[in-house]
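The chain contents come next:
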Amino acid sequence: MARKKIVAGNWKMNTLPAEGVELAKSVVAGRSEVCECVNFIVCPPFTHLSQVVEAVKGSDIAVGAQDCATEAKGAYTGEVAAQMIAALGCKYVILGHSERRQYYGETSESLNKKMAQAYANGLTPIYCVGENLEEREAGNHFAVCKAQIEEVVFNLTEEQFANLVIAYEPVWAIGTGKTATAEQAQEIHAYIREVLRSKFGAAAEECPILYGGSCKPSNAAEIFAKADVDGGLIGGAALKAEDFLAIGKGF
Ligand code: PGA
């Protein structure tokens, strides 16, 4: 049973609309150099989701948002509803990124609501988990990831779980240039899959688990070669089409 291979770009708060369109077009232009077996996703800021959807039209590159609201619609100034994201032609939404947990008070409670909104609107969540440096050094990384999964993913139905992507992103490796070793990634990915198996059984074998945290062309192949690593969620290196595509060649 071959799991989906995914390379997703999290652009974070980078690119102006014209730059984002150019980046997306460059990814489309170079896409044919990479195995068709790789599923590419780009996640631009809300402001140019629509233009990027347009820019990748006709290609197999999917578009995702970086967050969505907990509520369906209404008086929630500044929020963006999952329904709005889906209406633009997006297929994915990143939820629970560590930057949102850390800087914007994201909790399992809010994430449960966001997951429900994503599914209600046909979006596939890319649900992020991962420990910070202190937790890693104390040896608590397994427990942290387990809790982040139990508190949110365990509330999904089997049908919803079949349409989920997980990203393991150690906070200490995000944007720091420090990458988890391929062995560290495999160890925790295998553990995450075991936790998923305890709840969802054999369906856990089909859930893509991506690695994120300073993943780049020079280390992608080694990390992706591991049995339980099904691709990457890429930050910095997703801002250059050449690097982003080169990471796809890591498979
Ligand atoms: P990075 O970010 O690749 O820049 O470390 C990854 C992420 O936060 O998704």
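Look up: the structure comes first, before these words.
The sections below set out a description of the structure shown in this document. Note that the structure is predicted; figures quoted are calculated from it, not measured.

Evaluated as defined, the whole model comprises 1 disulfide. In this model C35 forms its disulfide with C37; the gap between the sulfur atoms is 2.2 Å. Across the S-S bond linking C35 and C37, the dihedral sits near 140°, which makes this disulfide right-handed. For C37, a relative accessible area of 34% corresponds to the partly exposed category. Here C145 is not disulfide-linked; the sulfur of C128 is the nearest cysteine sulfur, at 11 Å. No disulfide involves C207; its nearest neighbouring cysteine sulfur is the one of C128, lying 12 Å away. Note on C207: relative accessible area 2%, which makes it buried.

Attention now moves to the packing of helix α1 (residues 17–30) against helix α11 (residues 241–248). How two helices pack is summed up by the angle between their axes together with the distance between the axes. In contact at an axis separation of 9 Å, α1 and α11 are set at 40° when each is read in the N-to-C sense. The angle between the axes of α1 and α11 places the two elements in the oblique class. When the axes of α1 and α11 are compared, the crossing they make is right-handed. Between α1 and α11, the residues in contact are L23, S26, V27 and G30 and A241, F244 and L245, respectively. Residue composition of the contact of α1 with α11, grouped by class: 5 nonpolar, 2 polar and no charged.

Quick look at empty space enclosed by the protein now. Counted under the stated rule, the structure contains 1 cavity of 30 Å³ or more. Approximately 40 Å³ is the volume attributed to the largest cavity. Considering the residues around the largest cavity, the lining is formed by G96, S98, R101, C128, V129, G130, Q148 and E169. When residues of the lining of the largest cavity are traced back to their parent elements, those giving at least two are α4 (98–103) and β5 (124–129). For the lining of the largest cavity, the per-class residue count stands at 2 nonpolar, 4 polar and 2 charged.

Parameters at a glance
- Residues numbered from 1 in each chain as written.
- Predicted model: local features only at pLDDT ≥ 70, side-chain atom pairs only at ≥ 80, totals over all residues.
- Heavy atoms only, no water.
- Disulfide = S-S within 2.5 Å.
- Buried < 20%, exposed > 50% of the residue type's maximum accessible area, 1.4 Å probe, protein only.
- Axes fitted to C-alpha atoms, helices over the stretch in contact; angles between N-to-C directions.
- Helix = DSSP H or I, 4+ residues; strand = E, 2+ residues; numbered from the N terminus.
- Parallel < 35°, antiparallel > 145°, perpendicular 65-115°, else oblique.
- Left-handed = near helix turned anticlockwise from the far one by under 90°.
- Contact = heavy atoms within 4.5 Å.
- Nonpolar A, V, L, I, M, F, W, Y, C, P; charged D, E, K, R; others polar.
- 1 Å grid on protein atoms, 1.4 Å probe; cavity = no way out; pocket = protein on both sides within 12 Å on 5 of 7 lines; lining within 4 Å.
- Points joined across faces, edges and corners; volume = space filled by probe spheres on them.

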